[in-house]
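A look at the structure
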Amino acid sequence: MGYTVDKDCADENCIKSKTYEVFGTNNLRIGLTEKTDIQFITDIYLNKSVENDTEGNDRMQGFGDTTVRLKYNLIGNHPADKVSFALLPSIKFATNRNNLSHSKIEYGLGLPFNVNLSHDWSIGGMSVINWIKGEQGGYDLNYVNALVISRPINQSLKWYLEYFTSITEHSDSVWKNTIDFGLVYAISPTFSLDASIYKGVTNAADDTKVFFGMAYLF
């Protein structure tokens, strides 16, 4: 689950939004071959409220969009491998309800990587090109980059720090950048809990997001 808050002001008009995610961003991964898996990512329930100083308030809630991704490992295949690199094409279906988003199918291609360093340090991330709903119709190109460093604290607990950037290719495009910190606690080899906080470092990014999640390996 997660909670996101953002406030933007221009010409004495402020817009404040709050989004609650209940069982949000669920990722079901199914292995197809030794190097390939398919992923189904859904937002089961979103509750978004918008407060506008001039246009009043609005609230939207319901099921979100669904993204299907196919990951193919080109180099490496296990977390302990020295170097890992993969192809990650995706397609997002507009399954949202109650105007939580638009009704256009979107596409993406990601290049995730990870490098295990000495003394238990690791560095990873991903570069993504997305074809998203265009401001003037058609599609705009959206570029996403994330860089993550992490290190275990003990056998069960590890921390990570991520810098995330996003920008869309159109005339009034602005950077949406965040810095994110999180903890992952492994209760068992097949079950873990995680918590993270994101802080926007550019005006266009959401101000704050707090997220709690879990992962289970079948």
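For the structure, check the block above.
Residues numbered from 1 in each chain as written. Predicted model: local features only at pLDDT ≥ 70, side-chain atom pairs only at ≥ 80, totals over all residues. Heavy atoms only, no water.

1. Quick notes on the pairing of strand E10 (residues 122-133)
So the rule is basically this: The rule for pairing is simple: two strands pair if DSSP sees at least two bridges between them. By the criteria applied, helices consist of DSSP H or I runs no shorter than four residues and strands consist of E runs no shorter than two, each listed in order from the N terminus.
Here strand E9 (residues 106-116) runs beside E10; their pairing, made up of 10 bridges, is antiparallel. In the strand pairing of E10, Phe113 is matched with Gly125. Between E9 and E10, which pair antiparallel and follow one another directly, the connecting turn spans 5 residues, one of which, His119, has a positive phi of 60°. Examined bridge by bridge, E10 and strand E11 (residues 139-152) share 12 bridges and lie antiparallel to one another. Directly across from Met126, in E11, lies its bridge partner Ala146.

2. Quick look at the pattern of salt bridges
To keep things clear, this is the line we draw: The working definition used for a salt bridge is a side-chain nitrogen of Lys or Arg within 4 Å of a carboxyl oxygen of Asp or Glu. Buried, partly exposed and exposed residues are distinguished by accessible area as a fraction of the type maximum, computed with a 1.4 Å probe on protein chains only: under 20%, between the cut-offs, and over 50%, respectively.
For the structure shown, the criterion picks out 3 salt bridges. With a shortest N-O distance of 3.2 Å, Glu21 and Lys209 are connected by a salt bridge. Within this pair, whereas Glu21 is found in strand E2 (residues 13-22), its partner Lys209 is found in strand E15 (residues 208-216), the two being separated by 188 residues in sequence. Note on accessibility: Glu21 and Lys209 belong to one class, buried. The partner of Asp37 in a salt bridge is Arg29, with the nearest N and O atoms 3.3 Å apart. Using a relative accessible area of 10% as the deciding quantity, one classes Asp37 as buried.

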